[in-house]
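Remarks on the overall topology
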Amino acid sequence: MIVNFYKYQGAGNDFVMLDNRNGEFDSISINTISFLCDRRFGIGADGLITVSNSQDKDFDMVYYNADGSQSFCGNGSRCAVRFAQHLGMLTDSECDFNSTDGPHSAKISDDNISIDLYVKGTIKKYSEKEFFIDTGSPHHIVLSKTLENTDVKTEGSAIRYSEKYAPSGSNVNFISLINDSELSIRTYERGVEDETLACGTGITAAALTGFKLGIKPPVKINAKGGTLFVTFKHDPDTDNFSDIWLTGPAEKVFEGKIEI
Ligand SMILES: N[C@@H](CCC[C@H](N)C(=O)O)C(=O)O
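Residues numbered from 1 in each chain as written. Predicted model: local features only at pLDDT ≥ 70, side-chain atom pairs only at ≥ 80, totals over all residues. Heavy atoms only, no water.

What counts, and what does not: UniProt positions are given in the numbering used here, feature names are shortened, and annotations may be inferred rather than shown by experiment.
Named according to an unreviewed UniProt entry, the protein chain is Diaminopimelate epimerase originating from Marinigracilibium pacificum. Heading Pathway (unreviewed entry) of the UniProt record for the protein chain holds this comment: "Amino-acid biosynthesis; L-lysine biosynthesis via DAP pathway; DL-2,6-diaminopimelate from LL-2,6-diaminopimelate: step 1/1." Here the protein chain is described in UniProt, under the heading Function (unreviewed entry), as follows: "Catalyzes the stereoinversion of LL-2,6-diaminopimelate (L,L-DAP) to meso-diaminopimelate (meso-DAP), a precursor of L-lysine and an essential component of the bacterial peptidoglycan."

Now the structure itself:
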(Lines give C-alpha, C1' and ligand atoms only; values in the text may rest on other atoms or scores of the structure.)
Protein backbone atom coordinates (compact mmCIF):
# COMPACT_ATOMS: atom_id res chain seq x y z
CA MET A 1 0.00 0.00 0.00
CA ILE A 2 1.34 3.47 -0.92
CA VAL A 3 0.67 6.17 1.68
CA ASN A 4 1.20 9.93 1.84
CA PHE A 5 3.43 11.09 4.68
CA TYR A 6 4.54 14.45 6.03
CA LYS A 7 7.77 15.15 7.91
CA TYR A 8 7.81 17.82 10.66
CA GLN A 9 10.39 19.02 13.16
CA GLY A 10 10.31 21.06 16.35
CA ALA A 11 13.78 22.20 17.47
CA GLY A 12 15.23 19.17 15.70
CA ASN A 13 12.90 16.63 17.36
CA ASP A 14 11.51 15.11 14.16
CA PHE A 15 8.31 13.27 13.36
CA VAL A 16 6.54 11.42 10.57
CA MET A 17 2.95 12.72 10.40
CA LEU A 18 0.08 10.64 9.01
CA ASP A 19 -3.31 12.08 8.10
CA ASN A 20 -5.66 9.64 9.83
CA ARG A 21 -8.94 11.51 9.29
CA ASN A 22 -10.39 8.43 7.56
CA GLY A 23 -9.10 6.06 10.29
CA GLU A 24 -6.76 4.13 7.97
CA PHE A 25 -3.89 4.23 10.53
CA ASP A 26 -5.97 3.35 13.62
CA SER A 27 -4.27 -0.05 13.82
CA ILE A 28 -0.82 0.86 12.48
CA SER A 29 1.63 -1.88 13.48
CA ILE A 30 4.82 -1.50 15.51
CA ASN A 31 6.77 -2.89 12.53
CA THR A 32 5.38 -0.21 10.22
CA ILE A 33 6.14 2.56 12.75
CA SER A 34 9.73 1.28 13.20
CA PHE A 35 10.18 1.05 9.43
CA LEU A 36 8.86 4.57 8.76
CA CYS A 37 11.06 6.04 11.54
CA ASP A 38 14.18 4.14 10.44
CA ARG A 39 16.79 6.67 9.25
CA ARG A 40 18.38 4.24 6.77
CA PHE A 41 15.57 2.03 5.45
CA GLY A 42 12.60 4.37 5.97
CA ILE A 43 11.84 8.11 6.19
CA GLY A 44 13.69 8.64 9.46
CA ALA A 45 12.28 10.27 12.61
CA ASP A 46 12.31 10.23 16.42
CA GLY A 47 8.61 9.36 16.37
CA LEU A 48 5.40 9.03 14.40
CA ILE A 49 2.10 10.83 14.93
CA THR A 50 -1.38 10.15 13.60
CA VAL A 51 -3.84 13.06 13.47
CA SER A 52 -7.55 12.19 13.42
CA ASN A 53 -10.95 13.84 13.59
CA SER A 54 -12.19 14.37 17.14
CA GLN A 55 -15.62 14.13 18.72
CA ASP A 56 -15.05 16.94 21.22
CA LYS A 57 -11.85 18.82 20.23
CA ASP A 58 -10.29 20.26 17.06
CA PHE A 59 -8.34 17.03 16.53
CA ASP A 60 -7.09 13.86 18.23
CA MET A 61 -3.46 12.70 18.02
CA VAL A 62 -1.54 9.57 18.94
CA TYR A 63 2.22 9.73 19.44
CA TYR A 64 4.48 6.69 18.94
CA ASN A 65 8.20 6.62 19.69
CA ALA A 66 10.43 5.28 16.87
CA ASP A 67 10.24 1.82 18.49
CA GLY A 68 6.42 1.84 18.41
CA SER A 69 5.88 2.53 22.14
CA GLN A 70 3.41 5.26 23.15
CA SER A 71 3.74 8.26 25.44
CA PHE A 72 2.94 11.97 25.50
CA CYS A 73 5.26 14.11 23.36
CA GLY A 74 5.58 17.87 23.84
CA ASN A 75 7.42 18.70 20.61
CA GLY A 76 5.35 16.14 18.69
CA SER A 77 2.17 17.80 19.94
CA ARG A 78 3.42 21.20 18.83
CA CYS A 79 4.19 19.73 15.38
CA ALA A 80 0.78 18.00 15.28
CA VAL A 81 -0.89 21.40 15.79
CA ARG A 82 1.07 22.77 12.82
CA PHE A 83 0.06 19.68 10.79
CA ALA A 84 -3.63 20.05 11.74
CA GLN A 85 -3.38 23.68 10.61
CA HIS A 86 -1.88 22.48 7.28
CA LEU A 87 -4.76 20.00 6.90
CA GLY A 88 -7.29 22.83 7.36
CA MET A 89 -8.63 21.40 10.64
CA LEU A 90 -8.08 24.66 12.58
CA THR A 91 -9.93 27.92 12.09
CA ASP A 92 -8.38 30.03 14.84
CA SER A 93 -5.03 30.96 16.40
CA GLU A 94 -6.00 28.80 19.39
CA CYS A 95 -7.11 25.16 19.44
CA ASP A 96 -7.76 22.15 21.66
CA PHE A 97 -6.76 18.54 21.05
CA ASN A 98 -6.72 15.15 22.74
CA SER A 99 -3.41 13.34 23.16
CA THR A 100 -2.26 10.20 24.94
CA ASP A 101 -2.40 11.82 28.40
CA GLY A 102 -5.67 13.74 27.90
CA PRO A 103 -6.81 17.13 26.58
CA HIS A 104 -4.44 20.00 25.73
CA SER A 105 -4.70 23.54 24.40
CA ALA A 106 -2.44 25.31 21.91
CA LYS A 107 -1.69 28.82 20.72
CA ILE A 108 -0.50 29.31 17.15
CA SER A 109 1.65 32.03 15.58
CA ASP A 110 3.68 32.11 12.36
CA ASP A 111 6.93 31.41 14.23
CA ASN A 112 5.88 29.35 17.23
CA ILE A 113 3.40 26.86 18.62
CA SER A 114 2.72 26.85 22.37
CA ILE A 115 1.03 23.96 24.17
CA ASP A 116 0.00 23.48 27.78
CA LEU A 117 1.33 20.54 29.79
CA TYR A 118 0.41 18.87 33.07
CA VAL A 119 2.56 17.51 35.88
CA LYS A 120 1.74 14.18 37.48
CA GLY A 121 2.61 14.38 41.18
CA THR A 122 5.46 16.57 42.42
CA ILE A 123 9.20 16.77 41.81
CA LYS A 124 11.10 13.93 43.48
CA LYS A 125 14.55 14.88 44.78
CA TYR A 126 17.01 11.97 44.87
CA SER A 127 20.06 14.11 45.74
CA GLU A 128 21.40 17.65 45.31
CA LYS A 129 21.86 16.93 41.59
CA GLU A 130 19.32 14.24 40.65
CA PHE A 131 15.56 14.67 40.35
CA PHE A 132 12.47 13.10 38.75
CA ILE A 133 9.27 14.62 37.41
CA ASP A 134 6.50 13.40 35.08
CA THR A 135 5.34 16.09 32.64
CA GLY A 136 3.19 13.71 30.58
CA SER A 137 6.27 11.54 30.07
CA PRO A 138 8.69 10.50 32.84
CA HIS A 139 11.91 12.52 33.17
CA HIS A 140 15.02 11.95 35.27
CA ILE A 141 17.08 15.15 35.60
CA VAL A 142 20.82 15.28 36.27
CA LEU A 143 22.54 18.60 37.06
CA SER A 144 25.77 18.69 35.09
CA LYS A 145 28.80 20.97 35.04
CA THR A 146 30.23 19.27 31.95
CA LEU A 147 27.24 19.16 29.60
CA GLU A 148 29.28 19.39 26.39
CA ASN A 149 31.46 16.44 27.37
CA THR A 150 28.68 14.22 28.72
CA ASP A 151 28.26 10.86 26.99
CA VAL A 152 24.47 11.22 26.89
CA LYS A 153 23.82 7.88 25.19
CA THR A 154 25.90 5.78 27.59
CA GLU A 155 25.03 7.64 30.82
CA GLY A 156 21.39 8.19 29.83
CA SER A 157 20.88 4.57 28.87
CA ALA A 158 22.33 3.37 32.20
CA ILE A 159 19.77 5.47 34.14
CA ARG A 160 16.90 4.69 31.72
CA TYR A 161 17.41 0.94 32.21
CA SER A 162 18.25 1.13 35.95
CA GLU A 163 16.20 -0.89 38.41
CA LYS A 164 14.73 2.35 39.81
CA TYR A 165 12.71 2.84 36.59
CA ALA A 166 11.99 -0.78 35.66
CA PRO A 167 10.05 -1.96 33.81
CA SER A 168 8.86 1.08 31.81
CA GLY A 169 12.01 3.23 32.05
CA SER A 170 12.47 7.00 32.03
CA ASN A 171 13.80 9.67 29.73
CA VAL A 172 17.02 11.21 31.06
CA ASN A 173 17.96 14.91 30.87
CA PHE A 174 21.35 16.46 31.65
CA ILE A 175 21.04 20.17 32.44
CA SER A 176 23.36 23.11 33.14
CA LEU A 177 22.05 26.31 34.72
CA ILE A 178 23.25 29.40 32.80
CA ASN A 179 21.63 32.22 34.82
CA ASP A 180 18.42 32.74 36.83
CA SER A 181 16.17 32.30 33.76
CA GLU A 182 18.19 30.17 31.32
CA LEU A 183 19.54 26.66 31.14
CA SER A 184 21.01 24.23 28.61
CA ILE A 185 19.87 20.65 28.17
CA ARG A 186 20.73 17.37 26.48
CA THR A 187 18.23 14.49 26.52
CA TYR A 188 18.34 10.72 26.16
CA GLU A 189 14.90 9.60 24.98
CA ARG A 190 13.27 6.35 25.90
CA GLY A 191 11.74 4.72 22.83
CA VAL A 192 14.32 6.36 20.57
CA GLU A 193 17.09 4.92 22.77
CA ASP A 194 19.48 7.69 21.86
CA GLU A 195 20.08 11.39 22.36
CA THR A 196 17.56 13.56 20.49
CA LEU A 197 18.12 17.21 19.51
CA ALA A 198 15.31 18.40 21.81
CA CYS A 199 12.53 16.93 23.95
CA GLY A 200 9.56 19.12 24.90
CA THR A 201 8.42 17.26 28.01
CA GLY A 202 12.10 17.01 29.08
CA ILE A 203 12.60 20.75 28.56
CA THR A 204 9.47 21.42 30.64
CA ALA A 205 10.67 19.01 33.34
CA ALA A 206 14.03 20.83 33.36
CA ALA A 207 12.38 24.27 33.69
CA LEU A 208 10.26 23.13 36.66
CA THR A 209 13.22 21.43 38.33
CA GLY A 210 15.27 24.57 37.62
CA PHE A 211 12.64 26.57 39.55
CA LYS A 212 13.50 24.49 42.62
CA LEU A 213 17.12 25.54 42.08
CA GLY A 214 16.42 29.26 41.81
CA ILE A 215 15.38 29.67 38.16
CA LYS A 216 12.45 32.02 37.46
CA PRO A 217 9.95 31.87 34.57
CA PRO A 218 9.91 32.59 31.67
CA VAL A 219 12.71 30.04 31.32
CA LYS A 220 14.83 30.01 28.15
CA ILE A 221 16.11 26.53 27.37
CA ASN A 222 18.89 25.83 24.90
CA ALA A 223 18.66 22.36 23.36
CA LYS A 224 20.98 21.05 20.66
CA GLY A 225 18.31 21.60 17.98
CA GLY A 226 17.00 24.99 19.07
CA THR A 227 15.70 27.25 21.82
CA LEU A 228 12.36 26.81 23.60
CA PHE A 229 10.64 28.75 26.38
CA VAL A 230 8.64 27.49 29.36
CA THR A 231 6.29 29.61 31.48
CA PHE A 232 4.38 28.44 34.56
CA LYS A 233 2.89 29.40 37.90
CA HIS A 234 3.88 27.87 41.22
CA ASP A 235 1.78 27.75 44.39
CA PRO A 236 4.12 27.87 47.39
CA ASP A 237 1.40 26.53 49.72
CA THR A 238 0.73 23.33 47.77
CA ASP A 239 4.05 23.22 45.82
CA ASN A 240 1.96 22.64 42.69
CA PHE A 241 2.80 23.97 39.23
CA SER A 242 -0.02 25.22 36.98
CA ASP A 243 -0.54 27.12 33.73
CA ILE A 244 2.53 25.41 32.23
CA TRP A 245 3.23 26.38 28.61
CA LEU A 246 5.96 25.17 26.25
CA THR A 247 6.74 27.45 23.28
CA GLY A 248 8.97 26.94 20.28
CA PRO A 249 9.17 26.47 16.51
CA ALA A 250 7.38 23.65 14.66
CA GLU A 251 7.54 23.31 10.90
CA LYS A 252 6.99 21.05 7.92
CA VAL A 253 10.22 19.81 6.37
CA PHE A 254 8.95 17.78 3.41
CA GLU A 255 6.22 15.41 2.29
CA GLY A 256 6.10 12.37 0.05
CA LYS A 257 4.74 8.89 -0.65
CA ILE A 258 6.10 5.61 0.68
CA GLU A 259 5.14 1.95 0.29
CA ILE A 260 4.28 0.16 3.52
N1 LIG B 1 10.16 13.92 22.35
C2 LIG B 1 9.12 13.98 23.27
C3 LIG B 1 8.97 12.91 24.29
C4 LIG B 1 8.50 11.60 23.64
C5 LIG B 1 8.16 10.51 24.61
C6 LIG B 1 9.34 9.91 25.27
N7 LIG B 1 10.35 9.45 24.37
C8 LIG B 1 8.85 8.78 26.20
O9 LIG B 1 8.72 7.63 25.77
O10 LIG B 1 8.57 9.07 27.36
C11 LIG B 1 8.80 15.38 23.74
O12 LIG B 1 9.06 16.33 22.98
O13 LIG B 1 8.21 15.53 24.80
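**A few points about the overall build of the protein chain**
Formally: Helix and strand assignments follow DSSP, with helices taken as H or I runs no shorter than four residues and strands as E runs no shorter than two, numbered in order from the N terminus. Think of it in three bands: with a 1.4 Å probe and only protein chains considered, a residue is buried below 20% of the maximum accessible area for its type, exposed above 50%, and partly exposed in between. Residue contacts are counted whenever heavy atoms from the two residues lie within 4.5 Å of one another. Here, Shrake-Rupley sampling with a 1.4 Å probe gives the accessible areas, and only protein chains in the shown set may cover a residue. Charge counting follows a simple rule: Lys and Arg are positive, Asp and Glu are negative, and His as well as the terminal groups are ignored. Here the site of a charge means atom NZ of a Lys, CZ of an Arg, CG of an Asp or CD of a Glu.
Regarding its fold elements, the protein chain presents four helices and 17 strands. Principal-axis analysis of the C-alpha atoms gives the protein chain an extent of 55 × 40 × 30 Å. Going through the 260 residues of the protein chain one by one, you find that 54% of them count as buried. Within the protein chain, residue pairs in contact and separated by at least 24 positions form 61% of the contacts whose partners lie at least 6 positions apart. Carbon and sulfur atoms provide 46% of the accessible area of the protein chain, an area that totals close to 11,600 Å². In the protein chain, the 25 positive side-chain charges and the 37 negative ones have mean positions that sit 5 Å from each other.

**A short note on the nonpolar core**
The test is simple: We define a nonpolar core as any set of buried Ala, Val, Leu, Ile, Met, Phe, Trp, Tyr and Cys residues linked to one another through side-chain atoms lying within 4.5 Å. Where each domain starts and ends follows an automatic or database-derived domain assignment.
In this structure, Met17, Phe59, Val81, Ile115 and Ile203 are the most contacted members of the largest nonpolar core, which totals 51 residues. Counting only domains with at least three residues in this core, you end up with domain 1 (2-111 + 250-259) and domain 2 (120-248).

**What to know about the pattern of salt bridges**
Using the following cut-off: The term salt bridge refers to a side-chain nitrogen of Lys or Arg lying within 4 Å of a carboxyl oxygen of Asp or Glu.
Applying the stated criterion across every chain, the model contains 13 salt bridges. Note that Asp14 and Lys7 form a salt bridge whose closest N and O atoms lie 3.0 Å from each other. For Asp14, a relative accessible area of 9% puts it in the buried group. Here Asp194 makes a salt bridge to Lys153, at a shortest N to O gap of 3.9 Å.

**Things to note about the confidence of the model for the protein chain**
In plain terms, the rule: The predictor attaches a confidence to each residue, called pLDDT, with possible values from 0 through 100.
This prediction gives the protein chain a mean pLDDT of 97; 100% of its residues lie at or above 70. Predicted complex metrics record ipTM = 0.97 and pTM = 0.97.

**Here we look at helix H2 (residues 74-86)**
In an α-helix, one full turn covers 3.6 residues, which means residues spaced three or four apart are oriented alike. Definition in use: The span expected for a helix works out to 1.5 Å for each residue beyond the first.
For H2, with 13 residues, the first-to-last C-alpha span of 19 Å sits near the 18 Å given by 1.5 Å per residue. Counting buried positions along H2 yields 11 of 13 residues, so the element is predominantly enclosed. What H2 keeps buried is the set Gly74, Asn75, Gly76, Ser77, Arg78, Cys79, Ala80, Val81, Arg82, Phe83 and Ala84. Among the residues trailing H2, Gly88 stands out with phi positive, at a value near 80°.

**Things to note about the domain arrangement of the protein chain**
By a widespread convention, an interface's size corresponds to the accessible area lost as its parts come together. Here is the rule we go by: Note on definitions: buried area is the accessible-area loss of two parts on being combined, 1.4 Å probe, summed for both. Here a polar contact means two N or O atoms within 3.5 Å. Within protein one must be a hydrogen donor candidate and the other an acceptor candidate, and residues neighboring in sequence count only if both atoms are side-chain atoms.
Taken domain by domain, the protein chain comprises domain 1 (2-111 + 250-259) and domain 2 (120-248). Summarising the inter-unit geometry, the C-alpha centres of domain 1 and domain 2 are found 23 Å apart. Between domain 1 and domain 2, the residue contacts involve 21 residues of the former and 20 residues of the latter. For the pair domain 1 and domain 2, the summed buried surface comes to about 1,400 Å²; carbon and sulfur atoms form 50% of the total. Of all residues in domain 1, Ala11, Phe72 and Arg78 bury the most surface against domain 2, accounting for 31% of the area lost on that side. Between domain 1 and domain 2 we count zero salt bridges in total. Taken together, domain 1 and domain 2 are joined by seven residue pairs in polar contact (both at pLDDT 80 or more).

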